[in-house]
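What the coordinates show
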Amino acid sequence: MTLVDVDRERIRRINEGEATLQEPGLQELIRDGLAQDRLRATTELGPAVMGSDVSILSVGTPLRKGRIDLSFVRGAAEEVGRALRTVGRYHVVVVKSTVVPGTTQTVLRPVLEETSGMRAGAFGLCVNPEFLREGSAVRDFMDPDRIVIGAWDDRCALVLERLYESFSCPKLRTSLAEAELGKYVSNALLATLISFSNEIAGLCEGLPDTDVETVMGSVHLDRRLTALHEGLHVPVGICAYLRAGAGFGGSCLPKDVGALRAHARERGIPTRLLDAVAQVNRHRAEIIVRLTGQLLGSLRGRTIAQLGLAFKPGTDDLRDSPAITILKRLRSSGADVRVYDPVVPSSGDPALRRVVLASSPEEALEGVDAALIVTDWPQFSEWDWGSLSSRMRQPVIIDARNTLRRTRLPDHILYRPIGRCLGSDG
Ligand code: UGA
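In this text the structure is predicted, and so the values were computed from the model without any measurement. (Residues numbered from 1 in each chain as written. Predicted model: local features only at pLDDT ≥ 70, side-chain atom pairs only at ≥ 80, totals over all residues. Heavy atoms only, no water.)

**As for the domain arrangement of the protein**
Split into domains, the protein comes out as domain 1 (44-174) and domain 2 (211-417). For domain 1 versus domain 2, the separation of C-alpha centres amounts to 35 Å. Contact with domain 2 buries surface across domain 1, with L63, V100 and E134 losing the most and accounting together for 48% of the total. Linking domain 1 with domain 2 are two salt bridges, by the criterion used here. Here R67 and E266 are joined by a salt bridge, their closest N and O atoms 2.4 Å apart. Looking at the side of domain 1 that touches domain 2 residue by residue, the classes come out as five nonpolar, four polar and three charged. (Domains from an automatic or database assignment. Buried area = accessible area lost by both parts, 1.4 Å probe. Salt bridge = Lys/Arg side-chain N within 4 Å of Asp/Glu carboxyl O. Nonpolar A, V, L, I, M, F, W, Y, C, P; charged D, E, K, R; others polar.)

Structural data, given as structure tokens:
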């Protein structure tokens, strides 16, 4: 297998056995591949295509001005197409990048046909979306729920089915557009569940004697969400998205909901529910910052320890992280913010310019008026809050992820989780 990228430095590091992003198991996978001579990385796309039977396009498709930017994937398709001219045997091009429905058929196919001088069919064309989560990407890939194969024709579908032969999960054969849309719909469902839960949190915050954790707990116990297996209640994975929090972020959910809405809008198709999902998510940071301000009387001149920066635990990824939005809002409201995250490095990201990054929980909490948890890092519930709170000017914790809900905290700490009515906790 040959990995191709335009970034020379990234290629150099991979060839030296280094994973260029934080992902459990990735480093080992790269090292094994190199040691067994089954993996190499290069910036030369042409020779890589010529030496293989399948090319998988998995370049980024970022959102620009609210629409998906296809320039990278189009550029990669052009190069692959040019290389196909000299391959001299049947070759399958697989689109793994997330692209709006119709892109492979109406944008990438013409590019490939023009640059290769061949018609689709003479080369294979498939859409094979990925459903990996950051932080468990290797595990998700090795043990997938399903493999979706959108195919131009039977011949190329068969090549992909053979490629994935050793995987025992269901393999779903679809049209190119269904595979493209299925990926968006999958993420749109997760985003919808999150915004739904956050809306219920808001309801609970305004309704005396209600707590979102209890209310959603009763919903989770529905057997359609929690299976009864040998007398044990086992919640299905999707329940993880039915928890209130600081909103969804990352490189996928916000981008995919945005791209799908824009794509539908251009075709005159209404997406009222997804519009509301995005709107609820946009307001999440504002609600959390307002809650913090209410609790402290005012944010102006207050020092706050923001705990967490990554868009979710298990990663150092800051892309579209709700924590960055919250940080900016806190600062524009006049608060002095000190940030601590267990893995986000202390330099580099432009979003962190002029931000004080603490290197330990002690440093983060020294003399602050409140701690605000915005990423659900499990470490936070293992901290010795009794000792840490003695460093704080005021022992106040605002928990925007409900991370410490089940942690025993000393009585002198004022603990404010989300989704609980301000007037009901005494
Ligand atoms: C997501 C999907 O889960 C994957 O199936 C998909 O393959 C991937 O996007 C992709 O399109 O490539 P990922 O972005 O890694 O994966 O993150 P998730 O674990 O789904 O979390 C997304 C966001 O939702 C995070 O900000 C997380 O904190 C938030 N979230 C999650 C909540 O706010 N509440 C929850 O209950 C669960």
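Having seen the model, we can carry on.
**Remarks on the site of the ligand**
With respect to spatial proximity, 21 residues lie near the ligand, and among them L132, E134, K183, A240 and Y241 are the closest. At 2.8 Å from an oxygen atom of the ligand is found a side-chain nitrogen or oxygen belonging to E130. One of the side-chain N or O atoms of N187 is found 2.7 Å from an oxygen atom in the ligand. Look at the ligand: alone it shows 710 Å² of surface, and the protein chains cover 91% of it. Of all the secondary structure elements, the ones that give two or more residues to the shell around the ligand are α8 (176-206) and α10 (253-266). It is α8 that contributes the most residues to the shell around the ligand, four residues altogether. In terms of residue class, the shell around the ligand is built from 10 nonpolar, three polar and eight charged. Counting contributing residues per domain, the shell around the ligand is built from domain 1 (44-174) and domain 2 (211-417), each supplying no fewer than three. (Near = heavy atom within 4 Å. Polar contact = N/O pair within 3.5 Å; in protein donor to acceptor, adjacent residues only side chain to side chain. Areas by Shrake-Rupley, 256 points an atom, 1.4 Å probe, with all protein chains shown as cover. Helix = DSSP H or I, 4+ residues; strand = E, 2+ residues; numbered from the N terminus.)

**A closer look at the pairing of strand β8 (residues 147-151)**
Counting buried residues in β8 gives five out of five residues, a clear majority hidden from the surface. On β8, burial covers both faces: I147, I149 and A151 on one face and V148 and G150 on the other are all buried. In this sheet, β8 lies alongside strand β7 (residues 124-127) in antiparallel orientation, the contact comprising two bridges. From the neighbouring strand, C126 faces β8, where its bridge partner is A151. Relative to strand β9 (residues 171-174), β8 is paired through four bridges, and the arrangement is parallel. Within β9, the position partnered with I147 by the bridge is K171. What joins β8 to β9 is helix α7 (residues 154-163), and the crossover it makes is right-handed. (Buried < 20%, exposed > 50% of the residue type's maximum accessible area, 1.4 Å probe, protein only. Pairing = 2+ DSSP bridges. Right-handed = clockwise from strand over helix to strand, strands pointing away.)

**Observations regarding the packing of aromatic side chains**
In the structure shown here, the tally under the stated rule is five aromatic pairs. The interplanar angle of 80° and the centroid separation of 5.8 Å between the aromatic rings of F141 and F167 together place this pair among those described as edge-to-face. With a gap of 26 residues between them, F141 in helix α6 (residues 137-142) and F167 in the loop between α7 and β9 connect regions that are remote in the sequence. With a relative accessible area of 36%, F141 lands in the partly exposed category. (Phe/Tyr/Trp six-rings, centres within 6.5 Å; stacked < 30°, edge-to-face > 60°.)

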